[in-house]
Every structure is written in structure tokens, then in C-alpha cells.
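Topology and contacts: notes
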Amino acid sequence: MLDLALRETLTGLADKGRRYAAPPLPVASALQPLLPEGLRRGSTVHVAGSVSLLLALLGTASAEGAWCALVGLPMVSAEAADEYGIELSRLAIVPAPGPGWATAIGALLDAVDVVATRPPARVVPGDVRRLSARARSHESVLMPFGADWPGADVRLRIREGEWEGIGPDGYSRLRRRRVVVTAEGRGRAAQPRTAQLWLPAAGGGVDTFDTLAAVRGSAPASPGASESLAAVRGAPTVSPGASESTVVALRAG
Amino acid sequence: MPPRMIAVWCPDWPVTAACADVGTSDEGPVAVLTANRVVACSHEAREFGVRRGLRRREAQARCPELAVLPRNEAAEARLFEPIVLALESIAPGVEVTRPGLAAIGVRGPTRYFGSETAVLHALSRAVGAAPAEEAPAGRPPADPITALIGVADGSFAAEQAARQGIIVPSGESAGFLAELPVSSLDASGDSPLIDLLRRLGLRTLGSFAALPPGEVHARFGPEGAWAHRQAGGRDDRPLAARRPPAELVATLDLEPPVDRIDTVAFSARAMAEQFIADLAGHGLACACLELQAITENGEETVRRWRHAGVLSTVDVVDRIRWQLEGWLRGGSHPPTGGITRLRLVPVETVPLGVHQQALWGGSGADDERAHRALARVQTLLGHGSVLTPMIDGGRDPLRRTRLVPWGDAPVPEHSPEQPWPGHLPAPAPSVLIDPPRPAQVLDATGQAVTVDDRGVVPRPPARFVLGNEARAITSWAGPWPVDGSWWVPDAPSREARFQLVDVQGRAYLVTYTTAGRCWTLTATYD
């Protein structure tokens, strides 16, 4: 009895020790409702539906010193990465790993904190297990993007998205997008969580969607998101009868 | 009193070097230009009135048969090397001011040769016997090099003496310099100080040297004070000696040729240790290394390895192993024979102790680990397969992102800080399509949407076809005309950008090209 209790205490301590040894990577405050403890080291986080969501997840960790790698992903804009806070000098991109995909991911997981990758069309189940195990043993985060990844600890996906600032009449421009992101997974993350975000927020980056601010059309959620829905929709529109020169002048402006 | 010095001056050295480099004779009038200005000309050209600082047009107007050559500073340095070696054979510690002008102290060699005259004899023999660079086949052998020798107190006075080819007796340098014009202070002739001195009515070095030093320092600052000391023959600056370059390149010859990486790495370990120890002996550590390997059939692999910190023996052996692995196993052209020679060339060195990692592990260790992992992936997949992004200047989103191979210096082609009017405002599209994919944008009746010359869309877009897939457009914005390269004949690009949002809420950036009336998908806001 005493033996058992002692063993439990010891395993508990060991667990705690491991958790304290490697603090999780931080995420942006807007993403904290989805990942309350950040990106846990050694975990596999599956992201689907949006490259912006992937960049937003990397942003804060990269800004605070983590190394990130993007393997086999489409060509990501450096400007967008910068807007999400990613430090470009600590970001490596492997656009076409080819047949050496699993080897390259394995080598990167040894030292790079977050490795995001789009797996090739056919992944051997053995590779899936091996790479997840490697991430666990090297305390890095594996972030498969797109195609399903069996055994992921957390799955994040975009449910719906609606752009603001743009209308059916050709004026204004894309300003920000309201998205609903869900997170579900195993263990402590088993309970599905949902959050409404601005992704990207006005001026780039990720921000919390503040329902009240959007409805009132005032009291912006953050200094960056000063252009609310109402303000944008309330922009002067030109009637179809307006002369062509007016249209040109407005567009030039 | 400043140390007595011998200066060796080769007149019109840029001309001599440029002529030797292109293989022509420097007999006729020749001028060497940089940025459309004459920087040096031959004696014949000078007789026609060609001067330093003239534009190419003016120089050619004064002397129509003038041969104009671009300046080649690499050749200047290379061709001057035999003369420096000849000087070094007389005495160590040669101060090379620039290619074409070098100086050595007199005191040491005078003691050795017995008298100053004996030193000069030895020197002229050594310079005369300096092997002119071997002329490439099909070119006339290089002309013998003309060099003038001068002796005076201090390197400035010695340089002026060499220009006239005279020996100024000891202690008379100040008197010798007093007669010279102030323009002698700066050979390039574009120093604002000289212009100022002339306007103050100080035409000779003597009149400048007669000013009280305190006042000169107060009025002209440290540079003026230094020029003042030079003008008075008081430049007691210690000789900045060029030391013979230390041989830091490590070479390993393998006999018989080896084709197993383990064997090479094992043999290379001792070489790597010696390489690091040699550098450490000079107080240096290696931050960037060039590794060359040659096979028995003459194939060669050369790659540079940069390191976040400094390379240790283990790092060097690791890199040998990685490079050979990538070369022998992977790659499209594996070598056909065993390796016979390895060379380690230190490309960049830093003083020992500059690169120290954080005391408590910290980020330095992580950075080094990451660099190592990325270098390893680079060997697995090839140098250009691991990239790092950077923001470049430009208006087009595709231009604003540039990917450079890992380890290369990310230098933007254009400054991204400039305003770049017309570039897309934030938020930036997240995924770029490179090269842009052809697409179709149709109106409600199924006809292609066009933009007219005034930048107006007569019929709004309603559908967006990409490949075989058509999507209904709910919102759109544009056109934003881009009138680029209109100054290039035949290559003006008139384009208009649009943002489109489809029913599923996906946003696209599409470009309409006026010339071909075609649409392309440039980026998505995924």
C-alpha cells in the first residue's frame, strides 16, 4: 500500500518535472481560449483550413525566440508572416522536400521548436507514429497542415469565415475577416472549444472578436481594429447614375 | 622625428594594371575610368590634356585616339603582389598604402646592408627582378614595370620623394615638403580640405605647416590636424606593417583514394584539429569555412559552411561528413572516383572570445542546434532547398517576398522601408501563387470581364473560374491600376488588381493584364 502510494507520488513528481522542464510555447492572447496552455512541447497540433491560422499560431512563439520551419507548404508571404509576428530570421522554409520528406522532418524536429508541414498525399502510418514520437522525445511541436493526421493531440480548424470591408459594388478593400475556429483533441484538450477571431485583424495579425464592439459600431476592440463593421458599411457609395469622372476620381483616391 | 622610410611608387598604376589585364600595350594614350570619370591616365594622355576627374566625353574630345579602359582593382592588387614580395625580400613589414604604392622602414635593412645606398641598390635589383605576371597565351608578355623609389623621413614625405624619384637627406624633409602644393596632401584630389586651403590662400604645404597646430585642430578637426602634421613632415605614425600572410589553409592528401565517408572523416579528424589549433594560435576562430574535396578523376565539390558561433573540431568533421554524404550519396552527379584531397579554407575568422555563448545555455545553444539541423537538411536535399524568407521592396506582393538559401546573407534588392506607393495595404495575402495561375473572371452573362483604358469595369465580375472549377463571387474590390515599366520600350505592363471573395468566403487577389486581356490568380488570402 505504502509502496503503491510512493510510486504514484514519484510518477506524479516525474510528470511535473517533465512539464516544468520545458515550458509550453506561448500563443497570441486571442488564441488562448483555444489553447489555454499554449503549444505544449512534444505535442502534435493539426491545423486545417487556413494558412493564416497556422501563421497566427507560430507568431508569438517565434517572436519570443522559437525557431520555426515550414516544410512542403505553399509559398507563404513574408509580409503576412511578419504581420503575425513571426521573426523571419528564425523561419526556415523547405518548399519541396520530395521523397526525403520524413527524413527532413525528423532532422528538423531535433532542433527546431515548431515544424509545420503539409504531409505528402500518401503517408506511411509508421512515419506518422515515428514523427509524432520524435516530436515528443525532442520536445518540439509537430504541426501537420491540411490532410488528416491520425493521433494528433489537438486539431484546430476554421469553421466559417466572413470578410469585412469589401462589398458587392466594387468599393473599399479587404480589411479583416471574422472566423470561427474550433479546437478539439485528446486528453486535457478533449472538450471542444470554439472561439471567434479576427483573422487577419485590421492591419494584419490576429485579434479577439469582440461581439459588443461589432454590434455597437463603436468602442473598438483594440487600437488596431478601429475600423468597425458599421463604419465600413457606412462608407459613401456612388449611385449608378454618377458620372464616370466621379467614379474615376473616387477610385483614384 | 618620424622614422626614415623608403617608398616605392609605380606611376599610373591603374593604367598599367588595366592594360596588363586586357593584354594591350600602355604605349598610346590610355585612360582608366570609374563611374564615367577618369581616375588615372597614361603620360601620353596627360600630354593631350586628359586629367583626373574628367568625364569620358571630355577626355575623348581632348584626345580622340584615347583608349578607355574600366578600372580593375582586383588586377591592380594582383599585379602589385610581385613588387610587394620583392620588398618583403629586403625587409619584413611592408606597408601597402594602395596598389601602386608601398613603403618599408629604412633602419632595419640599413643595419643589415651597411648603408642606405646599399639598401637602395638591393631594392632596385629586387624590384627589377620581380617576375612580371606570366602573360596568358596569345597575349604579348607584360611590359616591365616602371617603379620610382624615394627616401625621406616619414611615409608621407617618402611618398612625395618617390613621386619625384629623389632621396631627401635626413632631417630635411620639412624643407622638401614646404615647396610642394597643398594638393599633394590627397592623391585622389577630391578632399574638401584642399579646396578649403586653396580658398584660404594657402597654396603650399609650407604655408599650411606654418599655422599654429592648436588653431588648425580647432578649425579643421582631427583630420585637418593630421594633414597639418604631414605637411610639416611630422607624421610620426607607427608603420602599419603588412605581415606575411599566415598559411591557415589545411590540406589533406589521401593516398590511395578513399570512397568511404567514414574513412575520410576519420582521416580528416587530425587535419581538423590542426586547422582549429593553427587558427587559435593566431588568436582566431573560424566562423565561415570553405570545404573543398577533389576526386582522383578531377571532380570537385566546394561549399561554404557558416556557423552561428565558431567552428570546433567536431563541427568541422561533421561538416566534412555532411558535405561528402550529400555529394557521394545524394545529388544528381555523384563522383566517379575516390577522394584524393580535402582542403579547409577559413573564409571568415573572428577574434577568439568574441563569440561566446550565453552563460546559462540560453538562446545561443538553441540557435546553434537549429543552425546545425538546417545545415543537415541542406546537405540532404541540396543547398537551394532550405530557404529563409525576407521582405523586399516592391509594389507587387510576389516581389515583396523573396526567399534566399539558408546561410546566404538576406540582402534586399530594394529597400522595403521606402514608401512604395501603390503596394497593397495590410493585411497582406497569406499565400502567394508563383508563377501566377491563369484564371477567368466572368460577368453575370458569362462573358469575360474587361477593364477599359480609363480604369473602369463596365460589367461587374460575377464568377471566377480557376481550372475547371467555377465559383460565384459575392464581393469584389478594384480595379487598382498598375502602370508599370512604361519607360521600357516594348515592355510596358498595364495591369489592374482586384480582390474577389467567393460564396465560401475565400478571398483572392487577381490581376488583369490589359495587353492580353487575361486574368491571373496572384495570391490568396487563405
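Just so you know, these numbers come straight off a predicted model, no measurement behind them.

Rules used in this analysis
Within any chain, residue numbers begin from 1 and follow the written order of that chain's sequence. Note on labels: chains are lettered from A, ligands numbered from 1, in written order. Since the coordinates come from a predicted model, pLDDT governs what is reported: local features require at least 70, and pairs of side-chain atoms require 80 or more to be given and counted, while whole-chain, interface and lining totals use all residues. Under the DSSP-based scheme used, a helix requires at least four consecutive residues in state H or I and a strand at least two consecutive residues in state E, with every element numbered from the N terminus. Around each residue's C-beta, the other C-beta atoms within 10 Å are counted; 20 or more make the residue buried, 12 or fewer make it exposed, and counts in between make it partly exposed. All C-beta atoms are placed from the backbone. Once C-beta atoms are placed from the backbone, any two residues with those atoms within 7 Å are in contact. Nonpolar cores are built from buried Ala, Val, Leu, Ile, Met, Phe, Trp, Tyr and Cys residues. These are joined into a set through C-beta atoms within 7 Å. Domain start and stop points were drawn from an automatic or database domain assignment. A residue's pLDDT is simply how confident the predictor is in it, with values from 0 to 100. One fewer than the residue count of a helix, multiplied by 1.5 Å, yields its expected span. Strands pair, by our definition, only if DSSP identifies at least two bridges between them. Simply put, an axis is a line fit to the C-alpha atoms, just over the touching stretch for a helix, and the angle between two N-to-C directions goes from 0 to 180 degrees. When the near helix sits turned anticlockwise from the far one by under a right angle, the crossing is termed left-handed; a clockwise turn instead gives a right-handed crossing. Asp, Glu, Lys and Arg are counted as charged, while Ala, Val, Leu, Ile, Met, Phe, Trp, Tyr, Cys and Pro are counted as nonpolar; the rest, among them Gly, fall into the polar class. Convention used here: angles under 35 degrees read as roughly parallel, angles over 145 as roughly antiparallel, angles from 65 to 115 as roughly perpendicular, and any remaining angle as oblique.

Looking only at helices and strands, one finds eight helices and nine strands in chain A. Sorting the 253 residues of chain A into buried and exposed places 45% on the buried side. Of all intrachain contacts in chain A linking residues separated by at least 6 positions in sequence, the fraction that spans at least 24 positions is 59%.

Turning next to the overall build of chain B. The number of helices and strands found in chain B is 15 helices and 19 strands. Within the span of chain B, comprising 526 residues, buried residues form 36% of the whole. Within chain B, residue pairs in contact and separated by at least 24 positions form 56% of the contacts whose partners lie at least 6 positions apart.

Before going further, it helps to examine the nonpolar core. Membership of the largest hydrophobic core comes to 135 residues, with the highest contact counts inside it found for Leu108, Val112, Val114 and Val115 of chain A. Two domains each donate at least three residues to this core, and these are domain 2 (254–381) and domain 3 (431–524) of chain B. Apart from the residues within four sequence positions on either side, Leu108 of chain A is in contact with Ala69, Val71 and Val115 of chain A together with Ala373 and Val377 of chain B. Of all hydrophobic cores here, the second largest spans 61 residues; its members include Ala7, Val38, Ala157 and Leu197 of chain B.

For the rest of this paragraph, the subject is the confidence of the model for chain A. Close reading of the predicted structure is inappropriate where its pLDDT is low. Residues and elements named next belong to chain A. Looking at chain A, pLDDT values average 78 and 75% of them are 70 or higher. Taken as a whole, residues 10–20 scores under 50 in pLDDT and shows zero contacts with residues more than four places along the chain or in a different chain. Counting contacts from residues 216–253, a segment whose pLDDT is below 50, to residues more than four positions away or on other chains yields 50 contacts.

Once that is clear, we can look at the environment of Val431 of chain B. Inspection of the secondary structure puts Val431 of chain B in strand S14 (residues 431–442). We classify Val431 of chain B as buried; it has 20 C-beta atoms within 10 Å. Spatially, the C-alpha atoms of Val431 of chain B and Tyr525 of chain B are 6.5 Å apart, while their sequence positions differ by 94 residues. If sequence neighbours within four positions are ignored, Val431 of chain B has contacts with Val51, Pro74, Met75, Val76 and Ser77 of chain A together with Ala523, Thr524 and Asp526 of chain B.

Here the focus is helix H12 (residues 261–281) of chain B. Under the 1.5 Å per step criterion, the end-to-end length of H12 of chain B is 29 Å for 21 residues, consistent within 8% with the ideal 30 Å. Of the residues flanking the end of H12 of chain B, it is Gly283 of chain B, one or two places downstream, whose phi is positive at about 70 degrees.

In this section: the pairing of strand S1 (residues 4–9) of chain B. Residues and elements named next belong to chain B. For S1, a buried count of six out of six residues is recorded, marking the element as mostly surrounded by other parts of the structure. In this sheet, strand S7 (residues 148–153) lies alongside S1 in antiparallel orientation, the contact comprising six bridges. In the strand pairing of S7, Trp9 is matched with Leu148. As paired strands, S1 and strand S6 (residues 101–105) are joined by five bridges and run antiparallel to one another. Within S6, the position partnered with Trp9 by the bridge is Leu101.

With 53 residues of chain A at the contact, the number on the chain B side is 49 residues. Those elements that place two or more of their residues in the side of chain A that touches chain B are helix H2 (51–63), helix H3 (78–83), strand S3 (91–94), helix H4 (101–111), strand S6 (154–166), strand S7 (172–185) and helix H8 (244–252) of chain A.

All names here are of chain B. Here we have six strands rolled up into a closed barrel, ordered S14-S15-S16-S17-S18-S19, and antiparallel in their pairing. Taking each pair of neighbouring strands and ignoring which way they run, the sheet shows an average axis angle of 45 degrees. Looking at chain direction, strand S16 (residues 469–484) and strand S17 (residues 493–502) are connected through nine bridges and run antiparallel. In the sheet register, Val482 faces S17, and the bridge partner there is Glu495.

Moving on, we get to the sheet that holds S7 of chain A. All names here are of chain A. If you walk across this open sheet you meet the five strands as S1-S6-S7-S8-S9, and the pairing is mixed. Either end of the sheet is taken by a strand with one partner, and the two such strands are strand S1 (45–48) and strand S9 (207–208). Its contacts with the sheet place H2 against S1, S6 and S7, and it is angled at close to 145 degrees to S1.

Moving on: the packing of helix H4 (residues 73–90) of chain B against helix H6 (residues 116–128) of chain B. Residues and elements named next belong to chain B. Taken N-terminus to C-terminus, the directions of H4 and H6 make an angle of 145 degrees; their axes are 9 Å apart at the nearest point. Here H4 runs over H6; the crossing is right-handed. Taken together, the residues of H6 that come into contact with H4 (itself represented by Ile83, Ala86, Ser89 and Ile90) are Val119, Ala122, Leu123, Ala126 and Val127. Here the contact of H4 with H6 is composed, by residue class, of eight nonpolar, one polar and no charged.

What follows covers the packing of helix H1 (residues 13–22) of chain B against H4 of chain B. Residues and elements named next belong to chain B. Where H1 contacts H4, the two axes come as close as 9 Å, and the packing angle between them is 95 degrees. Taken together, the axis directions place H1 and H4 in an arrangement best described as roughly perpendicular. Residue-level inspection shows Trp13, Pro14, Ala17, Ala18, Ala20 and Asp21 of H1 in contact with H4, the latter providing Ala75, Glu76 and Leu79. Class assignment of the residues belonging to the contact of H1 with H4 gives a composition of seven nonpolar, no polar and two charged.

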